[in-house]
Amino acid sequence: MLVRKHEWESTTKKASNRSWDRICVVLKGTQILFYKDQKTYRTRPEETFRSELPVDLIGGTAEVAADYTKKKNVFRLRLANGGDYLFQANDDDQVNLWVTGINQQAQIHEEASGKSQTLPPGSEKKDEPKKRSFFTLKKN
């Protein structure tokens, strides 16, 4: 269980509800899901907190919110779309576990999608001789 504050929905729009809520937070692959409590998550995983959609971590980052001084053990999640959440954990160890876990999931997908694609099989031209351009002089 973490306490969450949704600050920004995008880079230009503040969240409509910026109060702190105690919720069950689940990191599932490259997404974070929010539930009212652990019982709801276990028995009815389709029933998210306030019917919220999963939050996509791709392109996002998590960091200790050193600039937020009103509460202790707070970390910030910044999303690729400009969304911004604050989370309060019970202690520093939990903060570090969440920050590390979130960043690893976001980074794994970014690395996978950042790889260059290879040509389809059969498209290589291995045995064909190099073609000379019109201006290339043949050396004797």
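Scoring rules and cut-offs
Chains are numbered independently. Their residues run from 1 in the order of the written sequence. The predicted nature of this model means local features are confined to residues of pLDDT at least 70 and side-chain atom pairs, given and counted, to a pLDDT of 80 or more, with totals for whole chains, interfaces and linings taken over all residues. Only heavy atoms go into the side-chain values, all of them from the structure, while hydrogens and water stay out. Think of it this way: any DSSP run of H or I at least four residues long counts as a helix, any run of E at least two long counts as a strand, and we number them from the N terminus. Exposed residues in this analysis have more than 50% of their type's maximum accessible area, buried residues have under 20%, and partly exposed residues fall in between, with area computed by a 1.4 Å probe over protein chains only. Throughout, a contact is declared for two residues whenever any of their heavy atoms are within 4.5 Å. Shrake-Rupley sampling with a 1.4 Å probe provides the accessible areas, and residues are treated as covered by the protein chains on show and by no other component. Here, any two strands with at least 2 DSSP bridges between them count as paired. Every case where a carboxyl oxygen of Asp or Glu lies within 4 Å of a side-chain nitrogen of Lys or Arg is listed as a salt bridge. In this description, a nonpolar core means a group of buried Ala, Val, Leu, Ile, Met, Phe, Trp, Tyr and Cys residues linked to one another through side-chain atoms lying within 4.5 Å.

Caption draft 1: How the structure looks around the overall build of the protein chain. Scanning the protein chain for helices and strands turns up two helices and seven strands. Listed N to C, the secondary structure of the protein chain is β-β-β-α-β-β-β-β-α in terms of helices and strands. Here the protein chain holds 140 residues, and the buried ones make up 31% of them. In the protein chain, the proportion of contacts linking residues at least 24 apart, taken out of those at least 6 apart, comes to 44%. Put simply, the protein chain shows about 10300 Å² of open surface, and 50% of that area lies on carbon and sulfur atoms.

Caption draft 2: Examining the pairing of strand β1 (residues 2–8) more closely. Among the seven residues that make up β1, six are buried, leaving the element largely enclosed by the rest of the structure. Pairing between β1 and strand β2 (residues 20–28): four bridges, direction antiparallel. Bridge pairing in β2 places Lys5 opposite Trp20. As judged from the five bridges shared by β1 and strand β7 (residues 84–88), these two strands associate in the antiparallel manner. When the sheet's bridge partners are listed, Lys5 is paired in β7 with Leu86.

Caption draft 3: Summary view of the environment of Gln38. Turning to its location among the elements, Gln38 is positioned in helix α1 (residues 38–43). Between the alpha carbons of Gln38 and Cys24 there is a distance of 5.8 Å; along the sequence they are 14 residues apart.

Caption draft 4: The pattern of salt bridges, seen in detail. The final tally for this structure, using the stated rule, is nine salt bridges. Of the charged contacts in the structure, one is a salt bridge between Glu52 and Arg4, with a shortest N-O distance of 2.8 Å. Within this pair, whereas Glu52 is found in the loop between α1 and β4 (55–56), its partner Arg4 is found in strand β1, the two being separated by 48 residues in sequence. Between Arg76 and Asp67 there is a salt bridge, and its shortest N-O distance comes to 2.9 Å. Within this structure, Glu7, Glu63, Asp67, Arg76, Arg78 and Asp84 form a network of salt bridges that share partners.

Caption draft 5: View of the pairing of strand β6 (residues 74–78). Of all five residues making up β6, four are buried, and the element is well covered by its neighbours. Pairing analysis gives four bridges linking strand β5 (residues 61–64) to β6, with the strands arranged antiparallel. Pairing of Thr61 across the sheet is with Arg78, part of β6. When β6 meets β7, the two strands line up antiparallel, connected through five bridges. Among the inter-strand pairings, Val74 is bridged to a residue of β7, identified as Gln88.

Caption draft 6: Spatial organisation of the nonpolar core. Formed by 20 residues in total, the largest nonpolar core has its most connected members in Val25, Ile32, Phe34, Phe75, Leu77, Phe87 and Ile102. Listed by contribution, the elements that provide at least two residues to this core are β2, β3 (31–35), β6, β7 and α2 (92–114). With five residues, the single largest contributor to this core is α2. In this structure Phe75 touches Leu2, Glu63, Val64, Ala65, Tyr85, Leu86, Phe87, Val95, Trp98, Val99 and Ile102, once residues within four positions along its chain are discounted.

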